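Given next are the chains, with one letter for each unit.
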Amino acid sequence: MKKVALFATIIFAFSVTFANAFTNPGKPQGFVNDFANIISNEDKVQIESQLKSLNDQNTIQVAVVTINSLEYETIESYAVKLFEQWGIGNSKKDNGVLFLIAPNERKIRIEVGYGLEGVLTDAQANGIIQKIVLPKFKAGSTRSEE
């Protein structure tokens, strides 16, 4: 009986650890939040300006976020949780996009709000990652290679 209780305690401890693995990297400061420090200041200023213009003209909010580690999360679950916690996009239009980079795990995700799914499909998001982002990373634009 003691072994069963010990086993149940261990399973519970693991489930609590993994259920609470998501750690918000911090409060967003603009459209570009480089918590992994992989974006140059020059690039950050340029991207921030372009994303601000997009938001001002079309009310589409794109957040670029780099994080040091996903810890125990998948890139997909981390992106969804961060998207929801930060409230990316207009809440009525659900027109936000999260571009998440986890260079240590070599993972990239584009999370799209429901209001933009017809404009930016999963296939298009994957194409952006495969045809534009990854080749630049492989060419040495950041520390990520994949």
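Before any of the text, the structure's been laid out above.
Now for a description of the structure that goes with this document. (Residues numbered from 1 in each chain as written. Predicted model: local features only at pLDDT ≥ 70, side-chain atom pairs only at ≥ 80, totals over all residues. Heavy atoms only, no water.)

Looking only at helices and strands, the protein chain features four helices and four strands. Taken over 146 residues, the protein chain has a buried fraction of 34%. The contacts of the protein chain with a sequence gap of at least 6 include a subset with a gap of at least 24, amounting to 59%. (Helix = DSSP H or I, 4+ residues; strand = E, 2+ residues; numbered from the N terminus. Buried < 20%, exposed > 50% of the residue type's maximum accessible area, 1.4 Å probe, protein only. Contact = heavy atoms within 4.5 Å.)

What follows is about the side chain of Glu73. Tracing the sequence through the fold places Glu73 in the loop between β2 (61–66) and α3 (75–86). At 2.4 Å, the side chain of Glu73 forms a polar contact with the side chain of Ser77. Among the polar contacts listed, one links the side chain of Glu73 to the side chain of Lys81, at a separation of 2.9 Å. (Polar contact = N/O pair within 3.5 Å; in protein donor to acceptor, adjacent residues only side chain to side chain.)

Counting 22 residues, the largest nonpolar core has Leu51, Val64, Val97, Phe99, Ile108 and Ile110 as its most contacted members. Residue assignment for this core shows that the elements contributing at least two residues are β2, β3 (96–102), β4 (107–112) and α4 (122–138). With five residues, α4 is the single largest residue contributor to this core. What Leu51 contacts, discounting residues up to four positions off in sequence, is Phe31, Val32, Val62 and Val64. (Core = buried A, V, L, I, M, F, W, Y, C linked by side-chain atoms within 4.5 Å.)

The phi dihedral of Asn37 is positive, around 55 degrees, even though this residue is not glycine. As for its position among the elements, Asn37 is in the loop between β1 (32–34) and α2 (41–58). Among the residues examined, Asn37 registers a relative accessible area of 61% and is labelled exposed. In this model, Asp94 sits at a positive phi of 50 degrees, which is unusual for a non-glycine residue. One can find Asp94 in the loop between α3 and β3. Assessed through its relative accessible area of 23%, Asp94 is described here as partly exposed.

To continue, consider the side chain of Asn33. Turning to its location among the elements, Asn33 is positioned in strand β1. Assessed through its relative accessible area of 4%, Asn33 is described here as buried. Beyond its immediate stretch of four places on either side in the chain, Asn33 contacts Lys27, Pro28, Val64, Val65, Thr66 and Trp86.

The mixed open sheet is built from four strands, whose spatial order is β1-β2-β3-β4. Since the sheet does not close on itself, it has two edges, and those belong to β1 and β4, each with one partner. Direction aside, the axes of adjacent strands within the sheet are offset by 10 degrees on average. Looking at chain direction, β1 and β2 are connected through three bridges and run parallel. The residue bridging Asp34 from the neighbouring strand is Thr66, located in β2. (Pairing = 2+ DSSP bridges. Axes fitted to C-alpha atoms, helices over the stretch in contact; angles between N-to-C directions.)

Going through the model one piece at a time under the given rule, you end up with three salt bridges. Notably, a salt bridge pairs Asp56 with Lys52, separated by 2.8 Å at the nearest N-O pair. Remark: Lys52 and Asp56 occur in helix α2; sequence separation between them is four residues, near one turn of the helix. Residue classification places Asp56 among the exposed residues on the basis of a relative accessible area of 51%. (Salt bridge = Lys/Arg side-chain N within 4 Å of Asp/Glu carboxyl O.)

Counting buried positions over the six residues of β2 gives five, a clear majority of the element. As paired strands, β2 and β3 are joined by six bridges and run parallel to one another. Within β3, the position partnered with Ala63 by the bridge is Leu98. Handedness of the crossover joining β2 and β3 through α3 is recorded here as right-handed. (Right-handed = clockwise from strand over helix to strand, strands pointing away.)

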